[in-house]
Amino acid sequence: MAKPAAGAPEEQIRLYEALIAGLHGVERKGAKFPYTSLNGNMFSILSPKGVMVLRLSKPDREAFLSDHGAALYASHGR
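Residues numbered from 1 in each chain as written. Predicted model: local features only at pLDDT ≥ 70, side-chain atom pairs only at ≥ 80, totals over all residues. Heavy atoms only, no water.

A. Spotlight on the sheet that holds strand S2 (residues 35-38). Pairing in this open sheet of four strands is antiparallel, and the strands run S1-S2-S3-S4 from one edge to the other. Since the sheet does not close on itself, it has two edges, and those belong to strand S1 (28-29) and strand S4 (52-54), each with one partner. Bridge count for strand S3 (residues 41-46) against S4 is three bridges, and the pairing is antiparallel. Each residue of the ladder has a partner; that of Ser44, found in S4, is Leu54. (Pairing = 2+ DSSP bridges. Helix = DSSP H or I, 4+ residues; strand = E, 2+ residues; numbered from the N terminus.)

Encoded structure:
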């Protein structure tokens, strides 16, 4: 039998919850891996390693990557 996933680190979960607490109409979902959605569209998730992943439009994504020296997140080869 496979071992259940441990979930995101507790400290990162607390930080993630504090961040989204100030966003009107946005609520945390997910048990072990918190995420947010608006109008049925997921726009952020906390990875198993505690990395916050954002889903942005192409222009916003390109600007964010450039401005913050960030990189695309890959999960399961995608």
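Structure shown, so let's carry the discussion forward.
B. Summary view of unusual backbone geometry. Positioned with a positive phi, Asn39 is a non-glycine residue whose angle comes to about 55 degrees. Checked against the element boundaries, Asn39 lands in the loop between S2 and S3.

C. Examining the nonpolar core more closely. Counting residues in each nonpolar core, the largest one holds five residues, listed as Ala8, Ile13, Tyr16, Ile20 and Leu46. Considering each element in turn, this core owes the most residues, three residues, to helix H1 (residues 10-21). The residues contacting Leu46, other than those within four sequence positions of it, are Ala8, Gln12, Ile13, Tyr16, Phe33, Pro34, Val51 and Met52. (Core = buried A, V, L, I, M, F, W, Y, C linked by side-chain atoms within 4.5 Å. Buried < 20%, exposed > 50% of the residue type's maximum accessible area, 1.4 Å probe, protein only. Contact = heavy atoms within 4.5 Å.)

D. Main features of the pattern of salt bridges. A full pass over the atoms with the stated rule returns two salt bridges. As a salt-bridge pair, Glu11 and Arg14 come within 2.9 Å of each other at their nearest N and O atoms. Residue Glu11 and its partner Arg14 are both found in helix H1; the two are separated by three residues, about one turn of the helix. Using a relative accessible area of 41% as the deciding quantity, one classes Glu11 as partly exposed. (Salt bridge = Lys/Arg side-chain N within 4 Å of Asp/Glu carboxyl O.)

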